[in-house]
Amino acid sequence: MTAQHPALAVEHIDLSDTEFWSWPLADRRAAFALLRSLGHPPFYAEPEFIFGTGPGYYALVRHADVMEASRNPDVFSSGKGATSIVDLPVEFNEYFGSMINMDDPRHARLRRIVSRAFTPRMIQRFADDVGRIAAEIVDDLVSTGPCDFVENVATRLPLTIICRLMGIPDDSYRMVLRNTNIILSGFDPDLISEDMDEAVGQILAAGGELADLVTALGRERAENPAGDLVSALVTANIEGEALTTAELASFFILLVVAGNETTRNALSHALVLLTDFPAQRDLLLADLNGRLEGAVEEIVRYASPVMFMRRTVTRDHHMNGHDYREGDKAVLFYWSANQDESVFTDPARFDIARSPNPHVGFGAPGPHFCLGAHLARREITVMLRELLTRVPGIRAAGPPDLLLSSFINGIKHLPCEFSG
Ligand code: HEM
């Protein structure tokens, strides 16, 4: 993609403007490089929103700033307002305010209960499922022929795995997908109404439908536990801890949204990257087992499926040359940190052998580091191994149709082609 804004100046860049997020990737890359070169974090007015307009935010665009803010949750809080740029009203927090929007001790309690259920051992039990489902997806792909990669490949694995893990019945999968798409639709008119009131209603209804589904399931599993995650969460663990009905509903929404919308986009970006960088594809195919792990990390760095999370400053604080005041909003731009030229040599190059690769695609070290990182890595690895072993010639047949969002680096459609 070629840059269309060669004489870019800081005053042309407004991260709150929806239009900025429709700029070609090369232009957005140049814009963030310019912002990183400033001696201070840029400040932006907040986008107008139905709940009113907030005080604005500092954009943390440098790797060092994102790392420092993540490591200091006492100063950079997730629980005040929300991790979205706008503060969420109470009725939203009821559904969408799980652990990602909390600080300790509430965050620690939830994460402890969930981590005990969401163990590598639990994930391991689903390892065979991941392999089998990936094989079925590729069987179907081979018989379908060239098609939309997002719908036919990337969407299916994360959706099926997260639903299986939770114990969601097969006939609810489409409903789960529809609702997670609405919740993370950004400003994209293909997925959500352009009328703000209507859009809010759609998001609340989507959350409500997911909450009802898991509440009914939780009730049933409390009576008759099965081997799934919902059973583990509603049955008290060794410390006698379990989730309440409301906590289970919010956690479920977070998990299906975070589990689906991210891994799917990482897989779709993988096909774009392997098409755009043929030498890297050849390198990978020459030693799939040896190089896949590095490739997966580089895909997550390069794609940064979650582009930002917000924090709120709890007390006056000095960081990297800037004085923050209590109540300031700081937005951690993971996508920009992952392009920081002071950490990643030639960051625009997709380099599957990049080492070290201290990307922050799953968040930076700190209490909110992605709970599903090991599951996501496994899903991407298994899917790519299956795909590149059986359909090594697969490539994108045209440009990706990108989601219009500042939050999720999403691909709505991606034509793919292959022969043989
Ligand atoms: C490539 C795939 C994924 C990416 C890029 C990703 C990215 C992220 C990021 C950046 C955060 C940090 C949030 C923060 O700093 O406030 C996060 C947190 C989280 N992720 Fe992921 N994620 C992925 C896959 C998954 C999967 C598969 C699951 C679950 C099955 C999941 C569940 C979560 C949860 C529950 C949190 C909140 C953790 C907390 O607040 O303690 N993610 N993820």
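To be clear, the structure that these remarks concern was listed above.
Residues numbered from 1 in each chain as written. Predicted model: local features only at pLDDT ≥ 70, side-chain atom pairs only at ≥ 80, totals over all residues. Heavy atoms only, no water.

A.B. asks: I'd love a proper account of the site of the ligand, names of residues and values included.
C.D. replies: In the neighbourhood of the ligand, 27 residues make up the surrounding shell, with His107, Arg111, Tyr334, His368 and Cys370 lying closest. The contact in question runs from an oxygen atom of the ligand to an N or O atom on the side chain of Arg111, over 2.7 Å. Taking His368, its side chain carries an N or O atom lying 2.7 Å from an oxygen atom of the ligand. When contributions to the shell around the ligand are tallied by element, the ones reaching two or more residues are α4 (106–117), α12 (245–276), β5 (308–313) and α16 (373–390). Residue contributions to the shell around the ligand peak at six residues, all from α12. (Near = heavy atom within 4 Å. Polar contact = N/O pair within 3.5 Å; in protein donor to acceptor, adjacent residues only side chain to side chain. Helix = DSSP H or I, 4+ residues; strand = E, 2+ residues; numbered from the N terminus.)

A.B. asks: So what's going on with the packing of helix α6 (residues 127–144) against helix α8 (residues 156–166)? Residues and values would help.
C.D. replies: Look at α6 against α8: their axes get within 10 Å of each other, and the N-to-C directions meet at 145°. In this structure, α6 meets α8 at a crossing whose hand is right-handed. Of the residues in α8, those touching α6 at Asp129, Val130, Arg132, Ile133, Ala134, Ile137 and Asp140 are Arg156, Leu157, Thr160, Ile161 and Arg164. Taken together, the residues that form the contact of α6 with α8 break down as six nonpolar, one polar and five charged. (Axes fitted to C-alpha atoms, helices over the stretch in contact; angles between N-to-C directions. Left-handed = near helix turned anticlockwise from the far one by under 90°. Contact = heavy atoms within 4.5 Å. Nonpolar A, V, L, I, M, F, W, Y, C, P; charged D, E, K, R; others polar.)

A.B. asks: Give me the sheet that holds strand β8 (residues 329–333): which residues, what numbers.
C.D. replies: Each strand in a sheet pairs with another by means of backbone hydrogen bonds, the pair being arranged parallel or else antiparallel. Spatially, the five strands line up as an open sheet ordered β1-β2-β8-β5-β3, and their pairing is mixed. Among the strands making up the open sheet, the edge pair consists of β1 (43–44) and β3 (76–77). Relative to strand β2 (residues 57–60), β1 is paired through two bridges, and the arrangement is antiparallel. Bridge assignment links Tyr44 to a residue of β2, and that residue is Tyr57. (Pairing = 2+ DSSP bridges.)

A.B. asks: Describe the state of the cysteines, listing the residues and the values that go with them.
C.D. replies: Summed over all chains, the structure comprises zero disulfides. Looking at Cys147, it has no disulfide partner, and the nearest cysteine sulfur is the one in Cys416, 4.0 Å off. (Disulfide = S-S within 2.5 Å.)

A.B. asks: Any details on the sheet that holds strand β12 (residues 415–417)? Residues and values, ideally.
C.D. replies: Taken in spatial order, the three strands make up an open sheet running β4-β12-β9, and their pairing is antiparallel. The open sheet is flanked by β4 (147–148) and β9 (395–396), the only strands paired with a single partner. Where β4 meets β12, two bridges bridge the pair, whose relative direction is antiparallel. When the bridges of β12 are listed, Asp148 appears paired with Pro415.

A.B. asks: I'd like to hear about helix α13 (residues 278–286), residue by residue, with values.
C.D. replies: Considered for burial, the residues of α13 that qualify are Gln280, Arg281 and Leu284. What you see down the axis of α13 is that its buried residues fit within an arc of 105°, all on one side. Exposed residues lying more than 90 degrees from the buried face of α13 are Ala279 and Ala286. Tucked inside the fold, the buried residues of α13 contact α12, α14 (288–303), α16 and β9. (Buried < 20%, exposed > 50% of the residue type's maximum accessible area, 1.4 Å probe, protein only. Arc of directions from axis to C-beta.)

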